[in-house]
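Chain by chain, the residues run as shown.
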Amino acid sequence: MSILDTIVWRVDASNPDPAVLAEAGQMIRRGRLVAFPTETVYGLGANALDVEAVEALFAAKGRPRDNPLILHLAAAEDLFPYVREVPPLATKLMGAFWPGPLTLVFFGTGRLPAVVTGGLGTIAARVPAHPVALGIIRAAGVPVVAPSANLSGRPSPTTAAHVLADLRGRIDAVVDGGPTPLGIESTVLDLTGKVPRVLRRGAVSSSEIADVAGVMPEEAPEAAEKDFRCRLRVPLILVEGEAQAVVEKIRSLYTAFAAEGKRVGILTREERAGDYPGQVVPCGREGDTRSVGACLYAALRQLETVADVILAEGLPAEAGAALQRRLRQAASEVVRAEREP
Ligand code: TXA
Ligand code: MG
């Protein structure tokens, strides 16, 4: 790879410097790779019309070629050249959720290079709700593909530091707009079948989609979900079950690992941060899904740097399938905590 170092620009997320957005956009237009924040996670932007740039993007991430990319647009009308039709349901959903964390899959017109779509014939697209992302895409003046800006298989980045940890020296620049507000990826909804189908659970829940669509979307089974397991550097044991039993189980696992001389990291919620020994990382508040989503990936990345093994509290069903699933995908082992009789 010929890139020597990665430029870092810092901007105010709500009022970004137009000069930085213009320069970042121009770089993308010219075929460079620039990471930027969206409302979900950081994306790695490339010019969707430039085959070489998109190929360089796959190489920088180490991403399998058959995993297609999401088109990021500055406005809904920029979609029309690339999709065969916009069904009425799509118009409704775009009106309700764009700009925002819902990615929609359409039949494509074939105007985008096949490398973008994995040769699928369909196009996934969204309009991100973040001033930095929107400003850069507008300045680029081309459709921008933006996969999460991590090495393939690693947790999605929610800060510029995460991007640099994975991709420094492999990409041209990162625009640092601080932590991303939602912290988990967009929901991917396929509109090419009879019934809308969730291909990847994410920041918009199926019931929020149903409220607008008037029908509950189908959900792809876990194994078919279009994302890969996220690989942490250390094992993560996920402990699920009734709250008090989980605390007891984690404390006993802690004792066993500590006796082997292992550094133990514990992922919990703020309410229980004081209940554990070891390297405790509280993430979010009980019953507040959004607060958990905002820090989940950051907490996992922090824990893997300070611990040899991570013990994580399971998330209750109320936290939603999107978050539960992400934590399960990060786990090397899931254990059930049972109450002592
Ligand atoms: O929130 C997000 O969506 C972030 C930010 C940066 O916008 N992007 C993101 O991109 O998560 P990526 O590439 O990491 O994940 C894209 C997902 C993959 O699961 C991919 O398989 C799916 O979208 N996808 C893309 N194009 C598709 C298509 N034509 N049909 C079905 N799935 C598609
Ligand atoms: Mg990704």
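Our structure's up above, just so we're on the same page.
What counts, and where the lines are drawn
- Residues numbered from 1 in each chain as written.
- Chains lettered and ligands numbered in written order.
- Predicted model: local features only at pLDDT ≥ 70, side-chain atom pairs only at ≥ 80, totals over all residues.
- Heavy atoms only, no water.
- Core = buried A, V, L, I, M, F, W, Y, C linked by side-chain atoms within 4.5 Å.
- Buried < 20%, exposed > 50% of the residue type's maximum accessible area, 1.4 Å probe, protein only.
- Helix = DSSP H or I, 4+ residues; strand = E, 2+ residues; numbered from the N terminus.
- Contact = heavy atoms within 4.5 Å.
- Pairing = 2+ DSSP bridges.
- Axes fitted to C-alpha atoms, helices over the stretch in contact; angles between N-to-C directions.
- Disulfide = S-S within 2.5 Å.
- Phe/Tyr/Trp six-rings, centres within 6.5 Å; stacked < 30°, edge-to-face > 60°.
- Lys NZ or Arg CZ within 6 Å of the ring centre and 35° of its normal.

Any chance you could explain the nonpolar core here in plain terms?
Proteins that are soluble and globular tend to have nonpolar side chains buried together. Membership of the largest hydrophobic core comes to 46 residues, with the highest contact counts inside it found for Leu71, Leu104 and Val145. Among the elements of the structure, strand E3 (42-47), helix H2 (51-61), helix H3 (88-97), strand E5 (102-107), helix H4 (114-117), strand E6 (122-126), helix H6 (160-167) and helix H7 (206-213) are those that each provide at least two residues to this core. The element contributing the most residues to this core is H2, with 5 residues. Not counting chain neighbours up to four residues away, the residues in contact with Leu104 comprise Ala90, Leu93, Met94, Trp98, Ile123, Ala124, Ala125, Leu189 and Leu191. By size, the runner-up hydrophobic cluster in this structure holds 25 residues, among which are Leu236, Val292, Leu323 and Ala331.

What am I meant to see in the sheet that holds strand E15 (residues 309-313) here?
Hydrogen bonds along the backbone pair up the strands of a sheet, which may run parallel or antiparallel. With parallel pairing, the 5 strands of this open sheet are ordered in space as E14-E13-E15-E12-E16. Two strands bound the open sheet, and with one partner strand each, they are strand E14 (279-282) and strand E16 (333-337). The mean inter-strand angle of the sheet, taken between neighbouring strand axes irrespective of direction, is 25 degrees. Sheet topology places strand E12 (residues 236-241) next to E15; 4 bridges connect them, and they run parallel. Looking across to E15, one finds that Val239 is bridged to Glu313.

Honestly, the environment of Pro128 in this entry has me stumped. Any pointers?
Relative to the helices and strands, Pro128 is located in the loop between E6 and helix H5 (131-140). What makes Pro128 buried here is its relative accessible area of 0%. Each C-alpha atom, one on Pro128 and one on Cys283, is 25 Å from the other, the two residues being 155 residues apart in sequence. Residues in contact with Pro128, not counting those within four places in the same chain, are Thr38, Glu39, His72, Leu73, Pro99, Gly100, Ala133, Leu134 and Ile137.

Could you clarify how one ought to interpret the state of the cysteines in this entry?
The term disulfide refers to a covalent linkage connecting the sulfur atoms of a pair of cysteines. For the structure on display, the rule yields 1 disulfide. A sulfur-sulfur distance of 2.2 Å marks the disulfide that ties Cys283 to Cys295. A torsion of 100 degrees about the S-S bond marks the disulfide between Cys283 and Cys295 as right-handed. Taken as a pair, Cys283 in the loop between E14 and helix H9 (289-306) and Cys295 in helix H9 lie far apart in primary sequence, 12 residues in all. Cys283 sits in the buried class, given a relative accessible area of 2%.

Help me understand unusual backbone geometry, please; the structure alone is not making it clear to me.
Most of the time, phi is negative for any residue but glycine, and the peptide bond is trans. Residue Trp98 is joined to Pro99 through a cis peptide bond whose omega torsion reads -10 degrees. Here Pro99 is to be found in the loop between H3 and E5.

Got a minute to help me understand the packing of aromatic side chains in this structure?
Working definition: an aromatic ring pair is given by the centre-to-centre distance plus the angle between the planes. Applying the stated criterion across every chain yields a total of 0 aromatic pairs. Positioned above the aromatic ring of Phe58 is the side chain of Arg65, whose terminal nitrogen or guanidinium carbon lies 5.5 Å from the ring centre.

Help me understand the environment of Leu253, please; the structure alone is not making it clear to me.
Along the chain, Leu253 turns up in helix H8 (residues 243-259). Put simply, Leu253 and Ala319 are 66 residues apart on the chain and 24 Å apart in space, counted from C-alpha to C-alpha. Those residues in contact with Leu253 that sit more than four places away from it in its chain are Ile237, Val239 and Leu311.

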